[in-house]
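The primary structure of each chain is shown beneath.
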Amino acid sequence: PLLSGLATLVLAGLTVRRNQDYRSAVELMRLTVECAPHHARARINLATALQMEDRPKEAIAVLEEALRLDPREGFIYLNLGMAYMALEQVDRAIPLLERGAEMVEGRASLAATFHEELGRALFLKNDHAGSIMQFEKALAIEPRNAFVHCRLAYALGRLKRGDEALQ
């Protein structure tokens, strides 16, 4: 009974210690990167967690390292573009989103997301015609995406194309 009780206390202590690793998504992903430092996907997940905590500058540093590890991974370009947009650095976001959109053209859902985010970036640059084109590309892939329909309508409205915006 004494050994059993001691083992229970030790295991309980280890469980409490391990639970500390789960206190936040950022901390969990940071530990994942430590365990797998050469995997871009671990860094992408860490950057996503950082962005969810509104920490885009930190996310950019992590994503740039992920890009060095795997320059063919489309998610990196998407997350980098979104991080730069969060910092209101749209000029830096646009080429990343354009490059990523080219890379993922065969992956429908991801391509639609790139076109939507690129449309949003172009809208922020007051390139409403360009944003309309990107929103339409996104809708060609995912025609039931209500958010993109709203963004398209808003861009059409900016170009005084109210009848189309209402549709």
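Our subject is the structure that appears above.
Cut-offs applied
- Residues numbered from 1 in each chain as written.
- Predicted model: local features only at pLDDT ≥ 70, side-chain atom pairs only at ≥ 80, totals over all residues.
- Heavy atoms only, no water.
- Helix = DSSP H or I, 4+ residues; strand = E, 2+ residues; numbered from the N terminus.
- Polar contact = N/O pair within 3.5 Å; in protein donor to acceptor, adjacent residues only side chain to side chain.
- Contact = heavy atoms within 4.5 Å.
- Phe/Tyr/Trp six-rings, centres within 6.5 Å; stacked < 30°, edge-to-face > 60°.
- Buried < 20%, exposed > 50% of the residue type's maximum accessible area, 1.4 Å probe, protein only.
- Core = buried A, V, L, I, M, F, W, Y, C linked by side-chain atoms within 4.5 Å.
- Salt bridge = Lys/Arg side-chain N within 4 Å of Asp/Glu carboxyl O.

Student: Break down the side chain of Glu-73 for me, citing the residues and quoting the values.
Tutor: Relative to the helices and strands, Glu-73 is located in the loop between helix 4 (56-69) and helix 5 (74-86). There is a polar contact of 3.2 Å between the side chain of Glu-73 and the backbone nitrogen of Phe-75. Contacts of Glu-73, omitting those with residues within four sequence positions, involve Arg-41, Ile-44, Met-103 and Arg-107.

Student: Quick one: what's the story with the packing of aromatic side chains, residue by residue and with numbers?
Tutor: Each aromatic ring pair is specified by the distance between its two centres and by the angle formed by the two planes. As enumerated under the stated definition, the model contains one aromatic pair in all. Look at Phe-123 and Tyr-154: their rings are 5.4 Å apart centre to centre, the planes differ by 45°, and that puts the pair in the tilted class. In this pair, Phe-123 sits in helix 7 (residues 108-124) while Tyr-154 sits in helix 9 (residues 146-158), placing the two residues 31 residues apart along the sequence. The buried category is assigned to Phe-123, whose relative accessible area is 16%.

Student: Outline the environment of Tyr-77, listing residues and values.
Tutor: Within the secondary structure layout, Tyr-77 lies in helix 5. By relative accessible area, Tyr-77 is classed as buried at 7%. As a C-alpha pair, Tyr-77 and Leu-96 span 19 residues in sequence and 5.3 Å in three-dimensional space. Excluding its chain neighbours within four sequence positions, the residues that come into contact with Tyr-77 are Leu-67, Pro-71, Leu-96, Leu-97, Arg-99, Gly-100, Met-103 and Phe-114.

Student: I'd like a description of the nonpolar core, backed by residues and values.
Tutor: In this structure, Leu-46, Ile-76, Leu-80, Leu-97 and Phe-114 are the most contacted members of the largest nonpolar core, which totals 35 residues. Excluding residues that lie within four positions of it along the chain, Phe-114 makes contacts with Gly-74, Tyr-77, Leu-78, Leu-96, Leu-97, Gly-100, Ala-101 and Val-104. Residues Phe-123, Phe-135, Val-148 and Ala-155 belong to the second largest nonpolar core, which totals 10 residues.

Student: Tell me about the pattern of salt bridges, and name the residues and values.
Tutor: Inspection of the entire model under this criterion finds nine salt bridges. Residues Lys-125 and Asp-91 are paired through a salt bridge, measuring 2.6 Å at the closest nitrogen-oxygen approach. Linking Lys-125 in the loop between helix 7 and helix 8 (128-141) with Asp-91 in helix 6 (residues 90-103), this pair joins segments that are 34 residues apart in sequence. With a relative accessible area of 40%, Lys-125 lands in the partly exposed category. Counted as one network, the salt bridges with shared partners bring together Glu-53, Arg-55 and Glu-58.

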